Amino acid sequence: MSAPSVRTEAPARWRDALSREEIAALLEPSDWRSWVSVAVDWGLVFAAMALVAVWPHLPTLPLAIVFALFVIGARQLGLAVLMHEAAHRSLFGDRRVNDLVGSWLCAYPVWSDLFAYRAYHLQHHAKTGTAEDPDLGLVLPFPITAASLRRKVWRDLSGRTGWKFARGAWARTAARARTDAHARRAFVGFATTNLALVALLAVAGHPELYLLWAGAWLTTNTLVTRIRSIAEHALAPEPGDDLNNTRTTLARTWERFLIAPNRVNYHLEHHLLMTVPHYRLPEMHRLLRERGALDGACVETSYWAILRRAASKGTDREPVVERSALRGAPRVFAR
């Protein structure tokens, strides 16, 4: 079957814009590209640490530390994104390698558990925007006021949100390790990978740099994770429409570096075909856009625009929100 010609209007179904051969090509995993993504995330983490270690000008060292915290926090999100891909079994072609790398190089270092996350996340895909969506609580509070968003950002950067997450992770893992084999596995994985990171830094002569890893997890990582969750589903227009209950953000280069690692910004395309590897999502977006399949879809041009809308309560930009009688995500109408 040849590729369909470019269309001037949106097809009846987005799948009509892609041939079976094109879908098969989009779904094809490339192990070397996944290894590159893992290596880039960890490489940027160590590069940020090295920058602080060799920074020559003591009075400006705090600036280098802040920069490193933002880089590391974004790469911790990047590792979580790769764990998310492993949860879909699309990070590596071999399932054993997929789960090993997804756990030991991606999930455990950031105190996550691939296997627990997999069941939770697939429920989100199956029930997106409904009352059974486990991520619905990330959607319902919006819009909020600008003051409320500023308070959330301050809680993230001051470590209060991260400390709350740390207590929750401890309760799910270490506190239950004696009685729950799954909790014990997750805590052993977290402890082993983080101790290995400390040991590696100690061999390099700078064990204190681990504080950057822990500090970023408690601060900047929680901020970029919040921005990502707002961008993906908050104030999406139509919960019952595959093209309008999830959002893609056309991230700029600096946004991809500090906010949207590993193509996490292509969330609409991910929901349409959830096992497309992250490095093929831009191509899927291009094909759908050129053929008119994304006309009227929930696609935003910047994270700043999304945050302004999310924090528009009480302003003339506040969208009209029609709450669902079924307790799912609301319908949202632009003012």
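Up top is the structure these notes are about.
What you are looking at is a predicted structure, and each value in this text was computed from that prediction instead of being measured.

**Here's the deal with the environment of D113**
Thought 1: With respect to the helices and strands, D113 occurs in the loop between α4 (95-107) and α5 (114-126).
Thought 2: Sequence separation of D113 and L157 is 44 residues, and the distance between their C-alpha atoms is 24 Å.
Thought 3: Side-chain polar atoms of D113 contact the backbone nitrogen of F115, separated by 3.2 Å.
Thought 4: Side-chain polar atoms of D113 contact the side chain of R185, separated by 2.8 Å.

**Let's talk about unusual backbone geometry**
Thought 1: Cis geometry marks the peptide bond from F142 to P143; its omega dihedral reads 5°.
Thought 2: The topology assignment puts P143 in the loop between α5 and α6 (146-157).
Thought 3: In this structure, N262 is a non-glycine residue whose phi angle is positive, near 55°.
Thought 4: Looking at where N262 falls in the secondary structure, it is placed in the loop between α11 (253-258) and α12 (267-272).
Thought 5: If you check the backbone angles, R263 has positive phi at about 60° while not being a glycine.
Thought 6: Mapped onto the secondary structure, R263 falls in the loop between α11 and α12.

**Some words on the packing of aromatic side chains**
Geometry of an aromatic ring pair is reported as the spacing of the ring centres plus the angle between the planes.
Thought 1: For the structure on display, the rule yields nine aromatic pairs.
Thought 2: Ring geometry for W111 versus W217: centroids 5.9 Å apart, planes at 35°, classification tilted. Taken together, the residues span a long stretch of sequence, with W111 in the loop between α4 and α5 and W217 in helix α9 (residues 210-218) at a distance of 106 residues.
Thought 3: Residue classification places W111 among the buried positions, given a relative accessible area of 14%.
Thought 4: Three or more aromatic residues joined by ring pairs form one cluster here, namely W111, W170, F187, F190 and W217.

**What about helix α1 (residues 20-27)?**
Thought 1: Residues of α1 that are buried: E22, I23 and L26. Take α1 and look down its axis: the buried residues cluster within an arc of 100°, on one side only.
Thought 2: Looking at the buried positions of α1, the neighbouring elements they touch are α13 (281-290).

**Brief notes about empty space enclosed by the protein**
Thought 1: Counted by the stated rule, this structure contains two cavities of 30 Å³ or more.
Thought 2: For the largest cavity, the calculated volume is near 110 Å³.
Thought 3: Lining the largest cavity are 17 residues, and of these G129, V139, H233, N245 and A329 lie nearest its centre.
Thought 4: For the lining of the largest cavity, a count of residues per class yields nine nonpolar, five polar and three charged.
Thought 5: Approximately 40 Å³ is the volume found for the second largest cavity.
Thought 6: Lining the second largest cavity we find R228, A231, E232, R247, T249, V264, N265, H267 and Y303.
Thought 7: For the lining of the second largest cavity, the element with the highest residue contribution is helix α10 (residues 220-233), accounting for three residues.

**Some remarks on α6**
Thought 1: With 12 residues, α6 should cover 16 Å at 1.5 Å per step; its first-to-last C-alpha distance of 17 Å lies within 8% of that length.
Thought 2: The set of residues buried in α6 consists of S148, L149, K152 and D156. End-on, the buried residues of α6 take up no more than an arc of 100°, which puts them together on one face. Set apart from the buried face of α6 by more than 90 degrees, the exposed residues are R150 and W154.
Thought 3: Among the structural elements, α7 (160-172), α9, α10 and α14 (303-310) are those in contact with the buried residues of α6.
Thought 4: Following α6 by one or two positions, G159 adopts a phi angle in the positive range, close to 90°.

**Here's the deal with the environment of L200**
Thought 1: Note that L200 resides in helix α8 (residues 181-203).
Thought 2: Judged by relative accessible area, which is 48%, L200 ranks as partly exposed.
Thought 3: Residues L200 and Y210 lie 10 residues apart in sequence; the distance between their C-alpha atoms is 9.7 Å.

**Describing the packing of helix α2 (residues 31-54) against α8**
Thought 1: Taken N-terminus to C-terminus, the directions of α2 and α8 make an angle of 45°; their axes are 13 Å apart at the nearest point. Looking at the two axes, α2 sits oblique to α8. Viewed along their axes, α2 and α8 form a crossing whose handedness is right-handed. Where α2 abuts α8, its residues W42, F46 and M49 lie against L197, L200 and L201.
Thought 2: For the contact of α2 with α8, the class distribution of residues is six nonpolar, no polar and no charged.

**Thoughts on the nonpolar core**
Thought 1: Membership of the largest hydrophobic core comes to 34 residues, with the highest contact counts inside it found for W42, M49, I72, L212 and W213.
Thought 2: Taken together, the elements giving at least two residues each to this core come down to α2, α3 (61-87), α4, α7, α8 and α9.
Thought 3: Broken down by element, this core gets its largest block of residues, nine residues, from α3.
Thought 4: In terms of nonpolar packing, the next biggest core, distinct from the first, is built from 22 residues, L77, L235, I259 and I306 among them.

What counts as what
- Within every chain, residues take consecutive numbers counted from 1 along the sequence as written.
- The predicted nature of this model means local features are confined to residues of pLDDT at least 70 and side-chain atom pairs, given and counted, to a pLDDT of 80 or more, with totals for whole chains, interfaces and linings taken over all residues.
- Hydrogens and water molecules were not included; the side-chain quantities draw on all heavy atoms of the structure.
- Every helix listed is a DSSP run of H or I at least four residues long, and every strand listed is a run of E at least two residues long, numbered separately from the N terminus.
- For this analysis, a polar contact is any N or O atom pair within 3.5 Å, provided that within protein one partner can donate a hydrogen and the other can accept it, and provided that sequence-adjacent residues contribute only side-chain to side-chain pairs.
- Paired rings are identified among Phe, Tyr and Trp, the last through its six-membered ring, by centres lying within 6.5 Å, and are further divided according to the angle between planes into stacked (under 30 degrees), edge-to-face (over 60) and tilted (the rest).
- Burial classes follow relative accessibility: with a 1.4 Å probe on protein chains only, a residue under 20% of its type's maximum area counts as buried, one over 50% as exposed, and anything between as partly exposed.
- Here the arc refers to the set of directions running from the helix axis out to each C-beta atom.
- The contact criterion used throughout is that any non-hydrogen atoms of two residues lie within 4.5 Å.
- The way it works is a 1 Å grid over only the protein atoms, where trapped points that fit a 1.4 Å probe form a cavity and open points with protein on both sides within 12 Å along at least five of seven lines form a pocket, and then any residue with an atom within 4 Å of a point lines it.
- Grid points are joined across faces, edges and corners, and a volume is the space filled by probe spheres set on the points.
- Classification convention: Asp, Glu, Lys, Arg as charged; Ala, Val, Leu, Ile, Met, Phe, Trp, Tyr, Cys, Pro as nonpolar; all other residues, Gly among them, as polar.
- Helix span, expected: 1.5 Å multiplied by one less than the number of residues in the helix.
- Here an angle of 0 to 180 degrees is reported between the N-to-C directions of two axes, which are lines fitted to C-alpha atoms, with helices fitted over the stretch in contact.
- When describing relative orientation, an angle under 35 degrees is termed roughly parallel and one over 145 degrees roughly antiparallel, while 65 to 115 degrees is termed roughly perpendicular and anything else oblique.
- Here a crossing is taken to be left-handed if its near helix is turned anticlockwise relative to the far helix by less than a right angle, and right-handed if that turn runs clockwise.
- Throughout this description, the term nonpolar core refers to a set of buried Ala, Val, Leu, Ile, Met, Phe, Trp, Tyr and Cys residues connected via side-chain atoms within 4.5 Å.

In short, shape yes, function no, at least from these values alone.
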